[in-house]
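# Descriptive structure summary
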Amino acid sequence: GGTAETSNAVYTDVNPASGSTVTQTLGQPVDCALSDMVRKEGGSGASAQIGRLQALRDSQFSGVPSGQWLIEFLSRYSADIAGLLDENPELRSQGYALLAKAETAAAGNSSFSPELINEAEAWLKGVSSVAKGSLQESAIPLKKILDSLSGHTLQEGLQAASQIIRPRFPPSVGRKP
């Protein structure tokens, strides 16, 4: 057996060789699964959208424990998520559409509608059904964060989720996650 997790590269082929040697063919490293999805789905506006998402990360997510957990989650599982979405282009397209709606709500400091959260939970269930290992298990805290967002602004939802979701490795003072 092997691991269901990678750090920054997608395993595209693993062939057993003689003895205990394994030959691996690695895909391109993935810096961020969301950026990868936006590049593949976002067309000519992808670079600007990635910049806006990074600004949201820095201004909204990095200052609260549940946001730090999300940043840590994406950092840890980006290659796995990107590979899973490449294998399931319909999920990638749906995820991109949800990301665009969430970005609009967050940027406008609007509440996340229960309909958007239900749509996001259905998408998460679809992703979870094809995910493996600890990536699949991460659906539980992700759903808790989604539940906290329903009817609230991004900041209100992240603050509420921070009562139960904490990063494994809190950022050091002065260090950017």
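This structure is a prediction, so every number in the text was calculated from the model and none was measured.

## Some thoughts on helix α7 (residues 139–149)
- All buried positions along α7 are accounted for by A139, P141, L142, I145, L146, S148 and L149.
- Each element contacted by the buried residues of α7 is listed here: α3 (65–87), α5 (114–130), α6 (133–137) and α8 (154–161).
- Of the residues flanking the end of α7, it is G151, one or two places downstream, whose phi is positive at about 80 degrees.

## A short note on the confidence of the model for the protein chain
- In this model, the protein chain carries an average pLDDT of 84, and 79% of its residues clear a pLDDT of 70 or more.
- Per-element confidence in the protein chain is highest for α8, whose mean pLDDT is 97, and lowest for strand β1 (residues 9–16), whose mean pLDDT is 50.
- Counting contacts from residues 1–12, a segment whose pLDDT is below 50, to residues more than four positions away or on other chains yields 34 contacts.
- Residue range residues 173–177 is modelled with pLDDT below 50. Its contacts to residues more than four positions away, or to other chains, number 5 contacts.

## Looking at unusual backbone geometry
- Positive phi, close to 50 degrees, is recorded for N109, a residue that is not glycine.
- On the accessibility criterion, N109 (55% relative accessible area) is exposed.

## Focus on the environment of F112
- Along the polypeptide, F112 turns up in the loop between α4 (89–107) and α5.
- If we skip the residues at most four places from it in the chain, F112 touches A102, A105, A106, I117, L149, S150, G151, H152, T153 and L154.

## Considering helix α2 (residues 46–61)
- Within α2 the residues assigned to the buried category are A46, Q49, I50, L53, L56 and F61. Take α2 and look down its axis: the buried residues cluster within an arc of 120 degrees, on one side only.
- Residues of α2 that are buried make contact with α1 (33–41), α3, α4 and α8.

Thresholds, definitions, all that
- Residues numbered from 1 in each chain as written.
- Predicted model: local features only at pLDDT ≥ 70, side-chain atom pairs only at ≥ 80, totals over all residues.
- Heavy atoms only, no water.
- Buried < 20%, exposed > 50% of the residue type's maximum accessible area, 1.4 Å probe, protein only.
- Helix = DSSP H or I, 4+ residues; strand = E, 2+ residues; numbered from the N terminus.
- Contact = heavy atoms within 4.5 Å.
- pLDDT = per-residue confidence, 0-100.
- Arc of directions from axis to C-beta.

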